[in-house]
Amino acid sequence: MDLETMNKMATENQLSGALGISMVKIEDKSVTGTLTVDHRHLRPGNIMNGGVSLVLIETIGSFSSYLLIDSKKQNSFGIQVSANHLSIARPGDVLTAKSEPIHLGRTTHIWDVNITNQNGKLVSSGRITMLVTDNPK
């Protein structure tokens, strides 16, 4: 899968598209995506809602697993996602999220996803566990 196809999947009637998440790099076992914080992502106090980090972690982790499965025969689902929010993101901040595989088994994948801002400061650090299943016949 190339970036154009991935971004088309991410934006067509998907939450990731509604939030402005774009995939920018595909590596051997990693996906990198970006999001520019705007009014859609804010909570009171004019700072980014932490749930946005969780959506970004789940999106990047899901695409990372999707690239490793046979999508004609299998699907993958996030079954657990968690994050530590380490600094504040504000409107205009450009966030970059990159996945790193921790475990790539037959039925589960575990990804660490770090989110940094445009200055390289760590905003959130998360982990997602993906369940890999066979599609119904």
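Residues numbered from 1 in each chain as written. Predicted model: local features only at pLDDT ≥ 70, side-chain atom pairs only at ≥ 80, totals over all residues. Heavy atoms only, no water.

The chain is annotated in an unreviewed UniProt entry as PaaI family thioesterase from Peredibacter starrii. Quoted verbatim from the Sequence similarities (unreviewed entry) field of UniProt, the annotation for the chain is "Belongs to the thioesterase PaaI family." (UniProt positions renumbered as here; feature names shortened; annotations may be inferred.)

Concerning the pattern of salt bridges
Taken as a whole, this structure holds four salt bridges when the rule is applied. Residue K25 pairs with E27 through a salt bridge whose shortest N-O separation is 3.9 Å. With a relative accessible area of 41%, K25 lands in the partly exposed category. Between E27 and K98 there is a salt bridge, and its shortest N-O distance comes to 3.2 Å. (Salt bridge = Lys/Arg side-chain N within 4 Å of Asp/Glu carboxyl O. Buried < 20%, exposed > 50% of the residue type's maximum accessible area, 1.4 Å probe, protein only.)

Focus on helix α1 (residues 3-11)
Taken together, the buried positions of α1 are M6, N7 and A10. Down the axis of α1, the sector holding all buried residues measures 95°, keeping them to one side. When the buried face of α1 is taken as reference, the exposed residues oriented beyond 90 degrees from it are E4 and K8. Turning to α1, the residues buried within the fold contact α2 (15-19), β1 (22-27), β2 (30-36) and α3 (50-66). Sitting at the amino-terminal end of α1 is D2, which places a side-chain oxygen 3.3 Å from the backbone nitrogen of E4. (Helix = DSSP H or I, 4+ residues; strand = E, 2+ residues; numbered from the N terminus. Arc of directions from axis to C-beta. Contact = heavy atoms within 4.5 Å. Polar contact = N/O pair within 3.5 Å; in protein donor to acceptor, adjacent residues only side chain to side chain.)

With respect to the sheet that holds strand β6 (residues 94-104)
Here we have six strands laid out as an open sheet, ordered β1-β2-β6-β7-β8-β5, and antiparallel in their pairing. Where the open sheet ends on each side, the last strands, each with one partner, are β1 and β5 (74-85). Within this sheet the neighbouring strands show an average axis-to-axis angle of 25°, counted without direction. In the sheet, β2 pairs with β6 via five bridges, with the strands oriented antiparallel. Counterpart to T32 in the pairing with β6 is K98. Against the sheet, α1 contacts β1 and β2, and its axis sits at roughly 140° relative to β1. Relative to the sheet, α3 contacts β1, β2, β5, β6, β7 (108-116) and β8 (122-134), its axis offset from that of β5 by approximately 145°. (Pairing = 2+ DSSP bridges. Axes fitted to C-alpha atoms, helices over the stretch in contact; angles between N-to-C directions.)

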